[in-house]
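One-letter residues, chain by chain:
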Amino acid sequence: MRFDWRIWILTWLAMALLPASLQAADDGQHEAQAADEARAVGDIIGEHTADSYWWHITTINGRHIALYLPVIVRSADGDWLLFSSARLAHGETYRGFRLAAEGVYKGKIVGHDAAGAEYRPWDISITKNALALLINAAIMLAIFLPVARACKRRTANTAPGKFACAVEMLVMDIEEEVIHKSIGDDYKRYSSYLLTAFFFIFINNIMGLIPVFPGGANTTGNIAVTLVLACCTLIAVNVFGNREYWREVFWPDVPKWLKVPIPLMPLIELFGVISKPFALMIRLLANIFAGHTVMLALTFVIFTTVKMGTGITIGMTIFSVLMTVFMSVIELLVAYIQAYVFTLLSAVFIGLSRPVHHGVKTKKIYTEKVKIN
Amino acid sequence: MPALLTPDFGLLFWMLFSFLLVFGVLAKFGFPVITRMVSDRQNYIRRTLEEAEETNRQTRAILDDTHRQQEEILKKAMADGEKLIRHAQQKATEETEKQLEAARQQIAFLREKALHEINAQVALLSMDMAEKILHRQLDDKAKEEAFILQMLDEAEHLPQ
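A quick note: this is a predicted structure, and the numbers were derived from the prediction, not measured.

K.L.:
Explanation requested: the pairing of strand β2 (residues 63–68) of chain A in the structure shown.
P.N.:
The side chains of a regular strand alternate, residue by residue, between the two faces of the sheet. Residues and elements named next belong to chain A. Looking at chain direction, strand β1 (residues 54–60) and β2 are connected through 6 bridges and run antiparallel. Paired with Thr 58 across the two strands is Ile 65, which belongs to β2. The turn linking β1 back onto β2 is made up of 2 residues, and Asn 61 within it adopts a positive phi angle of 50 degrees.

What follows is the structure, given as structure tokens:
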């Protein structure tokens with residue numbers, strides 16, 4: 001039954017597409033227009049996945065409904081200015097600041113120095129992503145603090161509530177299965193950081209998937225966010241690494257000629273110190289950014305094909321909705337997996353920075369964990 | 001996508017701020033409390049289970065003991081009952097024997113007495129008959145004889 005239905009849609013789509021492609025080939029002007037539209041779609045997708053000084057909620061009858069956020073910049077004479085980003089909307093200038101229309105700083109606030117050249121001021125505006133981060137941080141606190149308070153109030157012989165149960169289950173799963181197993185027995189020291197990282201990433205990923213305010217911001221698909229997270233892991237690994245770890249970096253167990261005249265292996269190991277968190281940063285960024293882009297592109301399939309005739313539009317709409325639902329489900333999975341992978345690899349790297357005695361056991365765990373990735 | 005790989009300072013600042021805030025708060029008031037609670041509960045459940053196991057074992061021992069005692073008591077009760085019944089039967093037999101004996105003696109005594117009475121009656125009858133015979137002697141010899149016979153007949157038909 002289901003199989004028939006699918007065949008029906010595919011046939012129908014093929015029939016709808018055929019005359020349109022013929023028509024499009026005839027009409028060069030149409031092609032150019034389509035290219036323009038494609039570029040416009042690219043721009044819109046870029047805008048949606050990038051950061052912004054306001055939070056665009058929707059557009060009704062050509063009117064933009066947006067949440068204008070506070071801009072915080074430092075002016076040329078050293079004063080900090082706080083004003084609404086509504087003053088910069090539609091290319092307006094406010095106290096010498098405006099949004100750069102093009103160039104390196106495109107879309108960012110720029111000022112003009114005495115010579116008239118554009119410069120980028122100190123800018124800690126609460127942008128869309130910044131606000132989303134703050135909201136998600138608040139959500140996270142609102143989830144865990146009541147549960148923790150309930151835990152404190154309760155004695156060991158009373159059952160927790162449903163919500164507390166669910167939260168405890170998630171927390172204990174990460175702590176026992178990921179953190180404890182990857183780091184070893186002194187995992188308690190790191191578990192707060194790793195749990196925070198996991199749930200921070202997870203909540204941001206999930207909130208990014210909700211298309212309406214206050215969701216939909218591409219926080220974990222932004223390099224600044226993943227950079228901070230990766231730096232925290234870098235610090236946790238290297239600051240608390242023990243002597244054995246540093247010995248393995250600078251004097252690894254390889255034949256002497258690999259380290260004595262030219263310190264080849266130590267260089268590679270040092271590079272590894274940087275590249276491990278760097279990989280964490282890029283992996284999370286790329287996964288979430290790609291997810292958002294694909295979902296938006298699939299949605300725009302409807303609008304780019306709208307001029308190609310009713311048949312195609314209906315067909316493509318069905319296709320788009322089906323694919324978007326499918327991608328949304330995949331992205332839900334990815335939201336968990338990426339948070340999990342970040343935490344798991346951070347825990348593994350931390351575990352590697354505390355070899356007990358000559359890393360036979362830890363090396364084995366490492367190779368096992370890396371296979372998962 | 002100009003800004004994809006260039007981190008923005010403002011966002012770095014806010015990310016650092018919100019992440020460290022969440023980390024600070026949750027590291028102090030959040031996760032350790034939750035995990036401690038869970039491990040406390042884990043210990044509590046383990047301890048309670050062990051205690052329950054222990055109690056169960058004790059209860060089973062007590063139950064076994066009780067069963068044994070019950071059996072003993074039942075056995076003893078049955079033995080006691082049997083003894084009681086036997087005793088009662090014996091007593092009843094004796095009693096019956098005694099009563100039978102008394103009845104027998106009574107009967108023998110009555111019989112004796114009856115025999116005495118009969119003897120006395122017979123003596124009286126004999127005397128009556130003798131008297132009547134003597135009165136008839138004056139009459140006919142043949143009639144006399146018939147009379148005697150009649151008398152004897154009567155005597156025979158007297159109630160014993």
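K.L.:
What's the story with the side chain of Thr 219 of chain A in this structure? I'm lost.
P.N.:
All names here are of chain A. Relative to the assigned elements, Thr 219 resides in the loop between α5 (188–209) and α6 (223–239). Polar contacts involving the side chain of Thr 219 include one to the side chain of Asn 204, which spans 2.9 Å. The residues touching Thr 219, leaving out its near neighbours within four places in the chain, are Asn 129, Ala 132, Leu 133, Asn 136, Asn 204 and Val 225.

K.L.:
I tried to follow the interface of chain B and chain A on my own but got confused; where do I start?
P.N.:
Many analyses report the size of an interface as the accessible area lost when the parts associate. Each partner contributes residues to the interface: chain B has 35 residues there, and chain A has 52 residues. Summed over the shared surface of chain B and chain A, the result is 3 salt bridges. Between Arg 120 of chain A and Asp 8 of chain B there is a salt bridge, with its nearest N and O atoms 2.9 Å apart. Remark: the boundary between chain B and chain A carries 5 residue pairs in polar contact (both at pLDDT 80 or more). Looking at the side of chain B that touches chain A residue by residue, the classes come out as 27 nonpolar, 5 polar and 3 charged.

K.L.:
Whenever I open this one, helix α2 (residues 141–156) of chain B confuses me. Can you help?
P.N.:
Helical geometry: 3.6 residues make up each α-helical turn, so side chains three or four residues apart lie on a common side. Residue and element names in this part refer to chain B. End to end, α2 covers 23 Å across 16 residues, agreeing with the expected 22 Å (1.5 Å per residue, within 8%). Within the span of α2, buried status applies to Glu 144, Phe 147 and Met 151. Seen along its axis, α2 keeps its buried residues to an arc of 60 degrees; they face one direction. Seen from the buried face of α2, the exposed residues on the opposite side, beyond 90 degrees, are Ala 142, Glu 145, Leu 149 and Glu 156.

K.L.:
How should the sheet that holds strand β6 (residues 109–112) of chain A be read in this particular structure?
P.N.:
Across a sheet, strands are paired by hydrogen bonds formed along the backbone, either parallel or antiparallel in direction. Residues and elements named next belong to chain A. If you trace the 3 strands from one edge of the open sheet to the other, you get β5-β6-β7, paired in antiparallel fashion. Every interior strand has two partners, whereas the edge strands, β5 (98–99) and β7 (118–119), have only one. The pairing of β6 with β7 spans 2 bridges and is classified as antiparallel. Counted as the bridge partner of Gly 111 is Tyr 119 from β7.

K.L.:
When you look at the packing of aromatic side chains in this model, what are you seeing that I'm missing?
P.N.:
The description of an aromatic ring pair uses the distance of the two centres, along with the angle that the planes make with each other. If you walk through the whole model with that rule in mind, you get 21 aromatic pairs over all chains. Residues Tyr 193 of chain A and Phe 19 of chain B carry aromatic rings whose centres are separated by 6.2 Å and whose planes lie at 85 degrees to one another, so their mutual orientation is edge-to-face. Taken together, the residues span two chains, with Tyr 193 of chain A in helix α5 and Phe 19 of chain B in helix α1 (residues 9–136). One exposure class covers both Tyr 193 of chain A and Phe 19 of chain B, and it is buried. Ring geometry for Phe 200 of chain A and Phe 19 of chain B: centres 5.1 Å apart, planes at 90 degrees, overall edge-to-face. Taken together, the residues Phe 200 of chain A in helix α5 and Phe 19 of chain B in helix α1 connect one chain to another. When sorted by exposure, Phe 200 of chain A lands in the same class as Phe 19 of chain B, which is buried. Clustering of aromatic rings is evident, with ring pairs tying together Phe 144, Phe 198, Phe 199, Phe 202, Tyr 336 and Tyr 340 of chain A together with Phe 31 of chain B.

K.L.:
Please explain the pattern of salt bridges as it appears in this structure.
P.N.:
If the charged atoms of two oppositely charged side chains come close together, the side chains can form a pair. Throughout the structure, instances matching the rule amount to 13 salt bridges over all chains. Between Glu 244 of chain A and Arg 247 of chain A there is a salt bridge, and its shortest N-O distance comes to 3.4 Å. Of the two residues, Glu 244 of chain A and Arg 247 of chain A are both situated in helix α7 (residues 243–250); the distance of 3 residues between them amounts to about one turn of the helix. Bridged by salt links that share partners, the residues Lys 108, Arg 120 and Asp 123 of chain A together with Asp 8 of chain B form one connected network.

K.L.:
Looking at this structure, how should I read the pairing of strand β3 (residues 70–74) of chain A?
P.N.:
Residues and elements named next belong to chain A. In terms of strand pairing, β3 meets strand β4 (residues 80–84) through 5 bridges, oriented antiparallel. From the neighbouring strand, Val 71 faces β4, where its bridge partner is Phe 83. What sits between the antiparallel neighbours β3 and β4 is a turn of 5 residues, in which Gly 78 has the positive phi angle 90 degrees.

K.L.:
When you look at unusual backbone geometry in this model, what are you seeing that I'm missing?
P.N.:
The phi torsion of most residues other than glycine is negative, and most of the peptide bonds are trans. Residue and element names in this part refer to chain A. The linkage connecting Phe 213 with the following residue, Pro 214, adopts the cis geometry, with an omega of 0 degrees. Residue placement: Pro 214 occurs in the loop between α5 and α6. You will see that Arg 95, though not glycine, has its phi angle at about 50 degrees, which is positive. Given a relative accessible area of 59%, Arg 95 falls into the exposed group.

What counts and how
Positions within a chain are numbered from 1, following the residues in the order the chain's sequence is written. Naming scheme: in the order in which they are written, chains are lettered from A and ligands are numbered from 1. Reporting in this predicted model follows two pLDDT cut-offs: at least 70 for local features of residues, and 80 or more for side-chain atom pairs to be given and counted; totals over whole chains, interfaces and linings ignore these cut-offs and use all residues. Only hydrogens and water are removed before side-chain values are computed, so all heavy atoms of the structure are retained for them. Any two strands between which DSSP finds at least two bridges are classified as paired. To qualify as a helix, a DSSP run of H or I must reach at least 4 residues; to qualify as a strand, a run of E must reach at least 2; elements of each kind are numbered from the N terminus. Polar contact criterion, stated in full: a pair of N or O atoms within 3.5 Å, where within protein one must be able to donate a hydrogen and the other to accept it, and residues adjacent in sequence count only if both atoms are side-chain atoms. The contact criterion used is simple: two residues touch if any of their non-hydrogen atoms lie within 4.5 Å. In the sections that follow, a salt bridge refers to a side-chain nitrogen of Lys or Arg positioned within 4 Å of a carboxyl oxygen of Asp or Glu. Residue polarity follows a fixed list, in which Ala, Val, Leu, Ile, Met, Phe, Trp, Tyr, Cys and Pro are nonpolar, Asp, Glu, Lys and Arg are charged, and the others, Gly among them, are polar. Helix span, as expected, comes to 1.5 Å for every residue beyond the first. Type-normalised accessible area, obtained with a 1.4 Å probe on protein chains alone, sets the label of each residue: buried when under 20%, exposed when over 50%, and partly exposed for intermediate values. It is the directions from the helix axis to the C-beta atoms whose arc is reported. Centres within 6.5 Å make a pair out of two Phe, Tyr or Trp rings, where for Trp the six-membered ring is used; the pair is then stacked when the planes are under 30 degrees apart, edge-to-face when over 60, and tilted otherwise.

Limitation: the analysis is restricted to geometry and does not speak to function.
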